[in-house]
Amino acid sequence: MNNTTQIKENYRFIKLQKLVIVSILIGFLSAFLGVVLKNTTEYYEEIFFHQTIVNPLFFVVFPVFGLSIIYFLREYVFKKKENKGIKEVFESTNSPSNNLPSYKIPSHFINGLLTVVFGGSTGIEVSTVVASATIGSVAQRKQNAFRQYKTELICAGIAAGITALFSSPIAGLLFSLEVISKKVTRAFILTNLIAVSIAFGLLHLLDEKPLFAIYNMTWHLRAIPYFILLGIIAGINSVYLTRCVLFFKAQFSKIKVHYYKIIFGSVILSVSLFVFPQLYGEGYHAIKTILINPNGMVFSMSMILTFIGILVLKPIVTSATLASGGDGGVFAPSLFIGAFLGLLLALILNQYFNANVIPINFVIIGMAAVLSASIHAPFTALFLVCGLTNDYTLFLPILVVCLISKYTAKMIYPFTVYSYSPSLAK
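Residues numbered from 1 in each chain as written. Predicted model: local features only at pLDDT ≥ 70, side-chain atom pairs only at ≥ 80, totals over all residues. Heavy atoms only, no water.

Once that is clear, we can look at the overall build of the protein. Scanning the protein for helices and strands turns up 17 helices and zero strands. The C-alpha radius of gyration computed for the protein amounts to 22 Å, which stays within 12% of the reference 22 Å derived for 426 residues, consistent with globular compactness. Dimensions of the protein along its principal axes, counting C-alpha atoms only, are 80 × 55 × 45 Å. Taking all 426 residues of the protein together, the buried fraction comes to 57%. Counting only carbon and sulfur atoms, one obtains 65% of the accessible surface of the protein, whose full area is about 18300 Å². (Helix = DSSP H or I, 4+ residues; strand = E, 2+ residues; numbered from the N terminus. Rg over C-alpha atoms; globule rule 2.2 N^0.38 Å. Buried < 20%, exposed > 50% of the residue type's maximum accessible area, 1.4 Å probe, protein only. Areas by Shrake-Rupley, 256 points an atom, 1.4 Å probe, with all protein chains shown as cover.)

Quick look at the domain arrangement of the protein now. Many descriptions give the size of an interface as the accessible area lost when the pieces come together. Examined at the domain level, the protein breaks down into domain 1 (3-206) and domain 2 (221-412). Its C-alpha centre places domain 1 at a distance of 24 Å from the equivalent point of domain 2. Opposite the 44 residues of domain 1 that make contact, domain 2 presents 41 residues. Where domain 1 abuts domain 2, roughly 3500 Å² becomes buried across the two surfaces, and 63% of that area is made up of carbon and sulfur atoms. Linking domain 1 with domain 2 are 23 residue pairs in polar contact (both at pLDDT 80 or more), by the criterion used here. Only helix 1 (2-54), helix 2 (58-77), helix 4 (104-117), helix 5 (125-140), helix 6 (150-166) and helix 7 (169-181) provide two or more residues apiece to the side of domain 1 that touches domain 2. Of the residues forming the side of domain 1 that touches domain 2, the biggest block, 10 residues, is contributed by helix 2. Of the residues belonging to the side of domain 1 that touches domain 2, the class tally is 24 nonpolar, 15 polar and five charged. (Domains from an automatic or database assignment. Contact = heavy atoms within 4.5 Å. Buried area = accessible area lost by both parts, 1.4 Å probe. Polar contact = N/O pair within 3.5 Å; in protein donor to acceptor, adjacent residues only side chain to side chain. Nonpolar A, V, L, I, M, F, W, Y, C, P; charged D, E, K, R; others polar.)

What follows covers the packing of aromatic side chains. Applying the stated criterion across every chain yields a total of 23 aromatic pairs. With centroids separated by 5.5 Å and ring planes inclined at 70 degrees, the aromatic side chains of Tyr413 and Phe415 adopt a geometry described as edge-to-face. Judged by relative accessible area, which is 12%, Tyr413 ranks as buried. On the basis of relative accessibility, which here comes to 15%, the residue Phe415 falls in the buried class. Taken together, the ring pairs connect Phe48, Phe58, Phe62, Phe65 and Phe118 into an aromatic cluster. Between Lys314 and the ring centre of Phe336, over which it is positioned, the NZ or CZ distance is 4.6 Å. (Phe/Tyr/Trp six-rings, centres within 6.5 Å; stacked < 30°, edge-to-face > 60°. Lys NZ or Arg CZ within 6 Å of the ring centre and 35° of its normal.)

Written as structure tokens, this is what we have:
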């Protein structure tokens, strides 16, 4: 009896050791993929975007060229296998037999990079999520002992990938929990903690900086009613984004000749980018511009009209990008919409209502609020934006506004682009 117990204990210990080792490997590979994709995209996006400013003709050339290359790769290199985004991850975690094939790693990496670099108005976040989830999925298939930890190891890859993109291990953990797993097990805690620790260590080793480093922040209690208003408006805007994406995907799916999709999507993109260059790619370059000195921005009607145009068109160009074959999701668009929405509201409040609010606070809280409402994950949005800015001064108002925006969005429309399916909507 004692020998049997000892054998079982040894087996558990060996399995635990293997689980720790594979979690370290998943964490490193996923984080490395995320860092390389982030830096490569940022580098080439800046070069290509500069070319469009110098010669606006590229606003026409780049979108159709980028979407055409992606179509060619899917058709002839990846054997006509479509990328369905995060829904692929859900299908895998919900089915023991449905696995993420290894080609998803290069497929999402390359297509995500090409989409953004050539002006597609989305981000690399979903590409990173699916590619890093695939790393976890491939790892769990290598040994029978890991089969029961399929969801945990997929989530470990995702958590490490999100950590690498946003410099926030807590956001990585919470995204895996709130959006993917939705349950906590001991194996989840072990694998995901190890993965994000490795990812965060890699970021420090490579001296990766936060995307939007902001310092000397403060906020005032008198701004709370205005924060609440921002949360409600952010929830409404997120629903507009979600419905746009779903509508465009449904309409474009009726087009049987794929190149017609590319042409229609490119026309929408080119015209929009020509009018509002801020919509090019992820849009982080535009967010950085308004973060330079939002408190000193001079109010003007032309600025307000520009902001309104951007807020109306961003969901449309994002939807056209995704529906015509681009690779990406709503992470970056949500942050972009939230930043411009928050600044617009702050400027209007200060100009017409003498609210004397701090615009930069509304930019940051707006980013978190729209993201929270778009993916129904307020705690992920909270820590993600705090990680992006490397500042936790606004922790409490961000938390409150994220909850308000999420439940406002759910009251209006209960689905996200990840959770929607035609059968559930009936």
